[in-house]
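Given next are the chains, with one letter for each unit.
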Amino acid sequence: MPIAVRRASPEEWQALKELRLAALRESPDAFGSSYEHEARANEATLRGWTTGEGWDGAVATFVAEEGARLLGMATAHRPNDEPGTVWMFAMWVRPEHRGHGIGRALVEAVVAHARSLGAEVVMLRVTESNPAAIGVYASCGFIGTPDPPEPLR
């Protein structure tokens, strides 16, 4: 069955929560949030990841799926005070599906979404201890900045 990348819908909030929690369990140091915090997220919070409700700006979450199983995700946020910039975060692919282009496809979905919003820049942060993710982002054209590293939590 082919893998598809698409924008997640608000009705998928439970599947998004399961995917987000799987990401935080598998790669806890790759994210600014924690499993404990996200495990307490309610339906409205998770729906906000797809609708932007409760956010300061436009939000869209993209998922990669094979059949009914979500394999990965990436979220795009265009803050109201930065209309020319989209921030990509919460990017993750299930370990057993890495190395097959899913990460690249998710990045491409976020970049296409950013263009549709008129954004000129897509920014992200990645931990220095995650060379695989750095490689994916670099292969997609992202470049490092001179900004000093920041702790995630």
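Structure first, text after, so check above.
(A) Quick look at helix 3 (residues 43-51). Of the positions making up helix 3, those classed as buried are Leu46, Gly48, Trp49 and Thr50. The inward-facing, buried residues of helix 3 contact strand 1 (3-7), helix 1 (13-26), helix 2 (35-39), strand 2 (57-66), strand 3 (69-79) and strand 4 (85-93). Backbone nitrogen of Ala44 and a side-chain oxygen of the N-cap are separated by 3.2 Å at the start of helix 3; the cap is Asn42. Just downstream of helix 3 lies Gly52, where phi reads positive at about 90°.

(B) Just the sheet that holds strand 1, in detail. As summarised here, the arrangement of the five strands in space is 1-2-3-4-5, forming an open sheet in which the pairing is mixed. Looking at which strands have only one partner, the edges of the open sheet turn out to be strand 1 and strand 5 (121-124). If you compare each strand with its neighbour and ignore which way they point, the axes differ by 25° on average. In this structure, strand 4 lies alongside strand 5, joined through four bridges in parallel fashion. Paired with Trp87 across the strands is Met123, a residue of strand 5. On the sheet, helix 1 packs against strand 2, strand 3 and strand 4 and is oriented at approximately 95° with respect to strand 3. Helix 4 (residues 102-116) rests against strand 1, strand 2, strand 3, strand 4 and strand 5 of the sheet, and its axis sits at about 160° to strand 4.

(C) Quick look at the nonpolar core. Counting residues in each nonpolar core, the largest one holds 23 residues, and the members touching the most others are Met88, Leu106, Val107, Val110, Val122, Tyr137 and Phe142. Taken together, the elements giving at least two residues each to this core come down to strand 2, strand 3, strand 4, helix 4, strand 5 and helix 5 (131-139). Looking at which element gives the most residues to this core, the answer is helix 4, with seven residues. Counting 16 residues, the second largest nonpolar core, distinct from the first, contains Phe31, Leu46, Trp49 and Trp92.

(D) Highlighting the packing of aromatic side chains. Within this structure, the stated rule accounts for four aromatic pairs. Considering the side-chain rings of Trp49 and Trp55, the 5.8 Å spacing of their centres and the 90° angle between planes classify their relative orientation as edge-to-face. An aromatic cluster is present here, built from Trp49, Trp55 and Phe89 joined pairwise through their rings.

Cut-offs applied
- Residues numbered from 1 in each chain as written.
- Predicted model: local features only at pLDDT ≥ 70, side-chain atom pairs only at ≥ 80, totals over all residues.
- Heavy atoms only, no water.
- Buried < 20%, exposed > 50% of the residue type's maximum accessible area, 1.4 Å probe, protein only.
- Helix = DSSP H or I, 4+ residues; strand = E, 2+ residues; numbered from the N terminus.
- Contact = heavy atoms within 4.5 Å.
- Polar contact = N/O pair within 3.5 Å; in protein donor to acceptor, adjacent residues only side chain to side chain.
- Pairing = 2+ DSSP bridges.
- Axes fitted to C-alpha atoms, helices over the stretch in contact; angles between N-to-C directions.
- Core = buried A, V, L, I, M, F, W, Y, C linked by side-chain atoms within 4.5 Å.
- Phe/Tyr/Trp six-rings, centres within 6.5 Å; stacked < 30°, edge-to-face > 60°.

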